[in-house]
Amino acid sequence: MRAIVVDRLDGPQSVRVQDIPEPVGAHPRADGARLLIDVRAAGLSFIDALQTRGGYQNGVPVPFVCGSEFAGVVLESPTESRFAPGDRVGGIVWNGAVAERALALPEYTVLLPDTMSFTQGASLYMNYATSWYAYYRAQVRPGEIVLVHGAAGGVGTAALDLASSFGARVIAVVSSEEKADMARSAGAHEVVRSDSDWLDETRALTDGRGVHVVIDPVGGDRFTDSLRALRQGGRLVVVGFTGGFIPTVKVNRLLHRNLTVTGITMDNMETEYPGTLTMVRDAVEKLAHDGAIAPVVGRIFAFGDTADALDALESRSATGKIVVEI
């Protein structure tokens, strides 16, 4: 079968199409449960670009097949499984999605509604599971105001789309007018620009009090201002660090303003709180089948143009989810 292989850590342009054997056995994290997918579309995220340079903290040694997320049709499924051959599915695999066949993990796979295309399906699970869990961990309540950084990206647009499901008002932070338009179309109630005084604008939009929650997949040098953007008792959810470096926090800021900072990593929580993955998976799947969410597909790349897709992620020029059609 054809696959996009990373065999040296020289960045996005080093990936290449190769013919490799079809997958055998089960996904390494699937405890022997073989769930084989005929991949129709693969979703890429910022971690895929990092992986091509060996920069991801949970990276794997070369060679490996690129691609963290998939959508396709079940070819083989475990005997005792909620999946059957022919089912339309999408999910996370971390590596291996940009290929004609991929091994999936039942706990990280959702059934796609018939109304959802495969390109949308490849944009669903990772971003919506991450964003849904961020809202859940922040205990967002109806009527609260949520500020979302990187709001035109994959996680950001999912967070904007989910706001109505949690009854929240959402303020998007973006870096360009094109991204502002994307954020508005994804559900932002207000948009502020990161290349202007977004903190003062946020305070003005909240009568000087600040927001209840910040969802931050960016980190970097705006982290301290994110804490300043919170009102008394506010909560900040750390999702990632696409801004380029991991920030630190002076805990006196938390003490004096009763702030909470939390991170989210679902698979790690599963070890301490079994059922976490099922809870998140079921919530995302239900929202999709209820028609309550609509993944934003930013750009669709041909299989042979995967390197360019990864470049778009690394340069942070991408909006919505970047998808490769298989």
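No experiment lies behind these values; they were computed from the predicted model shown.

A.B. asks: Would you mind going over unusual backbone geometry with me for this structure?
C.D. replies: Apart from glycine, the bulk of residues carry a negative phi angle, and the bulk of peptide bonds sit in the trans form. A cis amide bond links Val62 to the next residue, Pro63, at an omega of -5°. A positive phi angle, close to 55°, is found at Gln139, a residue other than glycine. Examined against the element boundaries, Gln139 turns out to sit in the loop between helix H3 (125–138) and strand E9 (145–148). Judged by its relative accessible area of 58%, Gln139 is exposed. Of note, the phi angle at Asn258 is positive, near 55°, even though the residue is not glycine.

A.B. asks: In this structure, what is going on with the pairing of strand E13 (residues 230–238)? I would like to understand it.
C.D. replies: For a regular strand, side chains alternate in direction, first toward one face of the sheet and then toward the other. With seven of nine residues buried, E13 is to be regarded as a mostly interior element. Of the pairings in the sheet, the one linking strand E12 (residues 211–216) to E13 comprises five bridges and is parallel in character. When the bridges of E13 are listed, Ile215 appears paired with Val237. Traced from E12 through helix H7 (residues 223–228) to E13, the parallel crossover comes out right-handed.

A.B. asks: Mind showing me how you'd approach the pattern of salt bridges here?
C.D. replies: Between side chains of opposite charge, pairing is possible as soon as their charged atoms come close. Within this structure, the stated rule accounts for 22 salt bridges. Across the salt bridge formed by Asp267 and Arg29, the nearest N and O atoms sit 3.3 Å from each other. Placement of the pair is Asp267 in helix H9 (residues 266–272) and Arg29 in the loop between strand E2 (16–19) and strand E3 (36–44), with a sequence separation of 238 residues. For Asp267, a relative accessible area of 23% gives the class partly exposed. Of the residues examined, Arg29 reaches a relative accessible area of 39% and is grouped as partly exposed. Linked by salt bridges that have partners in common, Glu177, Asp181, Arg184, Arg193 and Asp195 make up one network.

Rules of the game
Residues numbered from 1 in each chain as written. Predicted model: local features only at pLDDT ≥ 70, side-chain atom pairs only at ≥ 80, totals over all residues. Heavy atoms only, no water. Helix = DSSP H or I, 4+ residues; strand = E, 2+ residues; numbered from the N terminus. Buried < 20%, exposed > 50% of the residue type's maximum accessible area, 1.4 Å probe, protein only. Pairing = 2+ DSSP bridges. Right-handed = clockwise from strand over helix to strand, strands pointing away. Salt bridge = Lys/Arg side-chain N within 4 Å of Asp/Glu carboxyl O.

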